[in-house]
Amino acid sequence: MTTTDAAPASTTSGGPGLPQERRLVTEIPGPLSQEKLARKKEHVADGVGTMLPVFVQAAGGGVIVDVDGNSLIDLGSGIAVTSVGNAAPSVVRRAQEQLAAFTHTCFMITPYDGYVDVCATLAEVTPGDHPKKSALFNSGAEAVENAVKIARVATGRDAVAVFDHAYHGRTNLTMAMTSKNMPYKDGFGPFAGEVYRAPMSYPLRDGLSGEQAAARAIDVLDKQVGAGNLACVAIEPIQGEGGFVVPAPGFLPAVAEWCTANGVLFLADEIQTGFCRTGDWFASDHEGVVPDLITTAKGIAGGLPLAAVTGRAEIMDAVHVGGLGGTYGGNPVACAAALGALEEIRTHDLTGRARAIGARMDSHLQALAESHPVIAEVRGRGAMMAIELCTPGSITPDAARAAAVSAYCHSQGVVTLTCGTWGNVFRFLPPLSISDDLLDEAFGVVAEGFAVTA
Ligand SMILES: *Cc1c(COP(=O)(O)O)cnc(C)c1O
């Protein structure tokens, strides 16, 4: 880290050209951020919270620079969104060209190539080599809603199965599908009907093998819902907000197999896990699971709002013409950004980079776990790793420690995120454009955080 008295010259251009360093020139938050926070308080609804009290000026590579000139190491990627890096060159170039050509026509009125190019690419990179089609939307929640609409029409059935600890969004249907009450659901009901919850495979907490956990979930679906009523089973192959829960090997294939045998569509919500985050294009690839429907968003477009439902062509085409769409879905600038993000992924072999980052994070976290028994488990895959904190020797969640270590990291210029049903999971989602040096420095700060809060 460098510490200087003078704030660097004001900059508004980010991307990988930003100095790749942790640099603290004021307290966090600095005076300018504090002024802006007061202004936020005056004009922005309190319901929209913020994790870190700094206002951003530029970001790129592995850093976020705030208005006071502090340079923070980013271990969050805006929640797994800027996987290709913030203001990544191909994203910026293609989006700028598109902005200058036209900003919107509405694909449902007059179509354009970018939308079709994104759908063609999704068919290529998503699991399975069967004929696939896609529809584009603005947010992850909107994609999940539409996947359910498609599954219902395609099967003629109503029920939707989801899992404990699931997160699928904040709209009415997706709130029903999301598991955690606070802050996502509290007071926001009544919720959509025909959503049923099954137990998730959670090896730390249930000790079951994948086959055993699948049998437990399938029993609930079979006996309490009835396979014949189910349109789809929606599942995150590695849970995101719910705590980076990695199901035991064999769980996903067994659930997918049961779905296929019973005419239930297997819907993989890869909104957080997709686009190389886990070291494969999609987390489903890891166990060779081929979903009938897959939802993507977050990492798809380098930060611009875009989401997709991709599925077997005959399932996607079950919906009547005009049944899917929206004013902005597949906006041309967002599509151009997505094509730019894909270019970055391919040019820089970001699947390989995600694996290397994963291995590096794993060794830091394993070493940390050896000296801090509060770390009950290190888990995750690729550049999506987490530690779950529990009272030593138990599985009693320790959210207070997670909050304390997180606060320390923030004060020292490292952006970390927590998650989990009990808020006791520390998750690490660095941009795949981060350098090894920055990564090592950030985990040094995390280690200090554990030492000083012990
Ligand atoms: C973030 C997320 C969503 C919701 O996406 P939004 O773009 O915030 O609506 C849905 N599912 C998963 C797995 C997510 O991580």
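Quick note: structure is the one above.
Attention in this report is confined to the structure presented alongside it. Bear in mind that the values here come from a model prediction, so they are computed numbers and not experimental data.

## A word on the packing of aromatic side chains
Note on aromatic pairs: each is described by the distance of the centres and the angle between the planes.
Part 1: Here the structure, examined in full by the defined rule, presents 10 aromatic pairs.
Part 2: The interplanar angle of 45° and the centroid separation of 6.3 Å between the aromatic rings of phenylalanine 426 and phenylalanine 450 together place this pair among those described as tilted. In this pair, phenylalanine 426 is assigned in strand 15 (residues 425-428) and phenylalanine 450 in helix 14 (residues 436-452), connecting sequence segments 24 residues apart. For the pair phenylalanine 426 and phenylalanine 450, a shared accessibility class is recorded, and that class is buried.

## Re the pairing of strand 7 (residues 230-235)
Part 1: A large share of strand 7 lies buried, amounting to six of its six residues.
Part 2: Summarising the sheet, strand 5 (residues 159-163) and strand 7 pair through three bridges and their orientation is parallel. When the bridges of strand 7 are listed, alanine 159 appears paired with leucine 230.
Part 3: Pairing geometry for strand 7 and strand 8 (residues 265-269), over four bridges, is parallel. The residue of strand 8 that forms the bridge with cysteine 232 is leucine 265.

## Thoughts on the pattern of salt bridges
Part 1: Tallied over the full model, the rule gives 18 salt bridges.
Part 2: Of the charged contacts, one joins glutamate 441 and arginine 22 as a salt bridge, the two residues approaching to 2.9 Å between their closest N and O atoms. In this pair, glutamate 441 is assigned in helix 14 and arginine 22 in the segment before helix 1 (31-43), connecting sequence segments 419 residues apart.
Part 3: The exposure class of arginine 22 is buried, given its relative accessible area of 8%.

## Some words on the packing of helix 12 (residues 350-371) against helix 14
Part 1: Two elements in contact, helix 12 and helix 14, have axes separated by 11 Å at closest approach and are oriented at 25°. Judged by the angle between their axes, helix 12 and helix 14 are roughly parallel. Along this stretch, helix 12 crosses helix 14, giving a crossing that reads as right-handed. Within the contact between the two elements, helix 12 uses Arg353, Ile357, Arg360, Met361, His364, Leu365 and Leu368 and helix 14 uses Asp436, Leu439, Asp440, Phe443, Val446, Ala447 and Phe450.

## Looking at the layout of surface pockets
With a probe scaled to a water molecule rolled over the atoms, the places where space remains empty come into view.
Part 1: Roughly 1400 Å³ of internal volume is contained in the largest pocket.
Part 2: Around the largest pocket, the lining is made up of 42 residues, and of these Met51, Gly78, Ile79, Leu417 and Arg427 lie nearest the centre.
Part 3: Elements represented by at least two residues in the lining of the largest pocket include exactly strand 1 (56-60), strand 3 (71-74), helix 2 (77-80), helix 5 (140-155) and strand 14 (417-419).
Part 4: Class assignment of the residues belonging to the lining of the largest pocket gives a composition of 18 nonpolar, 16 polar and eight charged.
Part 5: Domain assignment of the residues forming the lining of the largest pocket places at least three in each of domain 1 (9-87 + 349-452) and domain 2 (90-347).
Part 6: The space that makes up the second largest pocket amounts to roughly 430 Å³.
Part 7: Element by element, the count of residues in the lining of the second largest pocket is highest for strand 4 (residues 132-137), at four residues.
Part 8: Its residues assigned to classes, the lining of the second largest pocket shows nine nonpolar, seven polar and two charged.

## A look at the sheet that holds strand 10 (residues 307-312)
Part 1: Reading across the sheet, the seven strands line up as 4-10-9-8-7-5-6 and stay open at both edges, with mixed pairing between neighbours. Either end of the sheet is taken by a strand with one partner, and the two such strands are strand 4 and strand 6 (195-198). The sheet shows a mean angle of 20° between the axes of neighbouring strands, direction not considered.

Basis of the calculations
Residues numbered from 1 in each chain as written. Predicted model: local features only at pLDDT ≥ 70, side-chain atom pairs only at ≥ 80, totals over all residues. Heavy atoms only, no water. Phe/Tyr/Trp six-rings, centres within 6.5 Å; stacked < 30°, edge-to-face > 60°. Helix = DSSP H or I, 4+ residues; strand = E, 2+ residues; numbered from the N terminus. Buried < 20%, exposed > 50% of the residue type's maximum accessible area, 1.4 Å probe, protein only. Pairing = 2+ DSSP bridges. Salt bridge = Lys/Arg side-chain N within 4 Å of Asp/Glu carboxyl O. Axes fitted to C-alpha atoms, helices over the stretch in contact; angles between N-to-C directions. Parallel < 35°, antiparallel > 145°, perpendicular 65-115°, else oblique. Left-handed = near helix turned anticlockwise from the far one by under 90°. Contact = heavy atoms within 4.5 Å. 1 Å grid on protein atoms, 1.4 Å probe; cavity = no way out; pocket = protein on both sides within 12 Å on 5 of 7 lines; lining within 4 Å. Points joined across faces, edges and corners; volume = space filled by probe spheres on them. Nonpolar A, V, L, I, M, F, W, Y, C, P; charged D, E, K, R; others polar. Domains from an automatic or database assignment.

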